[in-house]
Amino acid sequence: MSKEYAQDYSLQELLVAASAKEIMDGDVVFAGVGVPTLGAMVAKLTHAPNVIMAMESGSIGPQPYRVILGIGDNACVENSICTTSLWRLFSDQQRGYFDVGMIGGAQVDKYGNLNSTVIFGEGDYYTPASRLPGSGGANDIASSAGRTILTLPLQKRRFLERVDYITSPGYIDGYDAREKHGLPGGGPAAIITNKCVFRFDPTTKEAYLYSVHPGVTVEEVKAEVSWELKIADDVKVTEPPTVEEVRITRILDAGQIYTGSGLKGLTFEKYVQMLETSQEILHQLF
């Protein structure tokens, strides 16, 4: 069956669709809050109906009617298979039960290491320019999942040769470093951004430019990366989102919390309207 591609979409919506396409039908996905959960939900409602999504709070298999705003959000347990404890969920992950981990961060480096702990600036760990929320479950996900999908905006201040602090390990310093450190998971498979997709060399484990999104040039990408970026011999154009992927994304994130301006301008009345609209439409899809 041929796909009908959308003509009207934002780069952020393309990021969501590209993240969703990394998920295969039947995958068990441990998704972080934000674009990762939105991508997993889009995958489940389009090409991967048998995906089981798990949330850090202990929920397994939720099927919410709108975006999840935090691990304490009631949407985490909506229509779920079961709700267990945080420690049980992470124990299962360490046993290798999760195929995919989807996480983001403030910084990423050429080996797929993520930082969501601290930005040094002119200081150090104890006197940083900015202190961030920290790991949450991200370190466990990156260490144990069969493969990880990293999602974050392409900006030079975020894409560094070496992150200030490794919150969530990628390939550490390349080659067989994960194995030497005893990490059981397979490591990052891709970095999905709002302008391109990076993948990793199977030997050196260094990130390289795999595809650019429609309308984006290789030079634009190189300008936003702080190391000498490796480029694939045949750089592809990222597959655009389908009409259905964009439609589902806009239903789930009707308030454009993750695909637009965030919580700015989102009033309580708009929030209630978003819930009522998405629930009415998505109820027909489950």
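On a predicted model such as this, the values are computed, not experimentally measured, just so you know.

1. Focus on the overall build of the protein
Then, number 1: A count of helices and strands for the protein gives eight helices and 15 strands.
Then, number 2: The C-alpha atoms of the protein give a radius of gyration of 18 Å, which matches the 19 Å a tight globule of 286 residues would have.
Then, number 3: Taken along its principal axes, the extent of the C-alpha atoms in the protein is 50 × 45 × 40 Å.
Then, number 4: A burial count over the protein gives 49% of its 286 residues as buried.
Then, number 5: When contacts within the protein are restricted to residue pairs at least 6 apart in sequence, those whose partners lie at least 24 apart make up 65%.

2. Observations regarding unusual backbone geometry
Peptide bonds are, in most cases, trans, and in most cases residues other than glycine have a negative phi.
Then, number 1: Its identity as a non-glycine residue notwithstanding, Ile172 has a phi of 60 degrees, on the positive side.
Then, number 2: Relative to the elements of secondary structure, Ile172 occurs in the loop between β11 (159-160) and α5 (177-180).
Then, number 3: Take Ile172: its relative accessible area is 11%, and that puts it in the buried class.
Then, number 4: Positive phi values are uncommon outside glycine, yet Lys205 reaches one of about 65 degrees.
Then, number 5: Structurally, Lys205 is set in the loop between β13 (196-200) and β14 (207-212).
Then, number 6: Relative accessible area serves as the criterion here: at 18%, Lys205 is assigned to the buried category.

3. Remarks on the packing of aromatic side chains
Then, number 1: Inspection of the entire model under this criterion finds six aromatic pairs.
Then, number 2: With a centroid separation of 5.5 Å and an interplanar angle of 35 degrees, the aromatic rings of Phe159 and Phe198 are classed as tilted. Of this pair, Phe159 sits in strand β11 while Phe198 sits in strand β13, placing them 39 residues apart in sequence.
Then, number 3: Phe159 gets classed as buried once you look at its relative accessible area, which sits at 0%.
Then, number 4: Here the aromatic residues Phe30, Phe90 and Phe98 are joined through ring pairs into a cluster of three or more.
Then, number 5: Over the aromatic face of Tyr210 sits the side chain of Arg199, whose NZ or CZ is 4.6 Å from the ring centroid.
Then, number 6: Its end group placed over the ring of Tyr171, Lys205 keeps NZ or CZ at 5.8 Å from the ring centre.

4. Quick notes on the nonpolar core
Then, number 1: One finds Val29 and Leu252 to be the most contacted residues of the largest nonpolar core, which totals 32 residues.
Then, number 2: Those elements giving two or more residues to this core turn out to be α1 (11-21), β1 (28-31), α2 (35-44), β5 (100-103), β12 (188-192) and α7 (243-252).
Then, number 3: Here this core takes six residues from α2, the largest share from any one element.
Then, number 4: Ranked by size, the runner-up nonpolar core spans 31 residues in total, among them Phe90, Tyr171, Cys196 and Leu209.

5. Focus: the packing of α1 against α7
Then, number 1: Where α1 meets α7, the axes come as close as 10 Å, and the angle between the chain directions of the two elements is 110 degrees. Overall, the two elements α1 and α7 adopt an arrangement that is roughly perpendicular. In the crossing of α1 with α7, the sense of the turn from one axis to the other is right-handed. On α7, the residues touching Glu13, Val16, Ala17 and Lys21 of α1 are Glu245, Val246, Thr249 and Arg250.
Then, number 2: Partitioning the contact of α1 with α7 into residue classes produces three nonpolar, one polar and four charged.

6. Topic: the environment of Glu22
Then, number 1: Looking at the secondary structure, you find Glu22 in the loop between α1 and β1.
Then, number 2: For the pair Glu22 and Thr148, spaced 126 residues apart in sequence, the C-alpha to C-alpha distance is 9.7 Å.
Then, number 3: When sequence neighbours within four positions are dropped, the list of residues in contact with Glu22 reads Arg147, Ile149, Ala190, Ile192 and Arg199.
Then, number 4: A polar atom in the side chain of Glu22 sits 2.7 Å from the side chain of Arg199.

7. Points about the pattern of salt bridges
Then, number 1: Applying the stated rule across the entire model yields 15 salt bridges.
Then, number 2: Here Asp27 makes a salt bridge to Arg147, at a shortest N to O gap of 2.7 Å. In this pair, Asp27 sits in the loop between α1 and β1 while Arg147 sits in strand β10 (residues 147-151), placing the two residues 120 residues apart along the sequence. A single burial state applies to Asp27 and to Arg147, both of which are buried.
Then, number 3: Two residues, Lys236 and Asp234, come together in a salt bridge whose shortest N-O distance is 3.3 Å.
Then, number 4: Via salt bridges that share partners, Asp8, Glu13 and Arg250 belong to a single interconnected network.

Rules and cut-offs
Residues numbered from 1 in each chain as written. Predicted model: local features only at pLDDT ≥ 70, side-chain atom pairs only at ≥ 80, totals over all residues. Heavy atoms only, no water. Helix = DSSP H or I, 4+ residues; strand = E, 2+ residues; numbered from the N terminus. Rg over C-alpha atoms; globule rule 2.2 N^0.38 Å. Buried < 20%, exposed > 50% of the residue type's maximum accessible area, 1.4 Å probe, protein only. Contact = heavy atoms within 4.5 Å. Phe/Tyr/Trp six-rings, centres within 6.5 Å; stacked < 30°, edge-to-face > 60°. Lys NZ or Arg CZ within 6 Å of the ring centre and 35° of its normal. Core = buried A, V, L, I, M, F, W, Y, C linked by side-chain atoms within 4.5 Å. Axes fitted to C-alpha atoms, helices over the stretch in contact; angles between N-to-C directions. Parallel < 35°, antiparallel > 145°, perpendicular 65-115°, else oblique. Left-handed = near helix turned anticlockwise from the far one by under 90°. Nonpolar A, V, L, I, M, F, W, Y, C, P; charged D, E, K, R; others polar. Polar contact = N/O pair within 3.5 Å; in protein donor to acceptor, adjacent residues only side chain to side chain. Salt bridge = Lys/Arg side-chain N within 4 Å of Asp/Glu carboxyl O.

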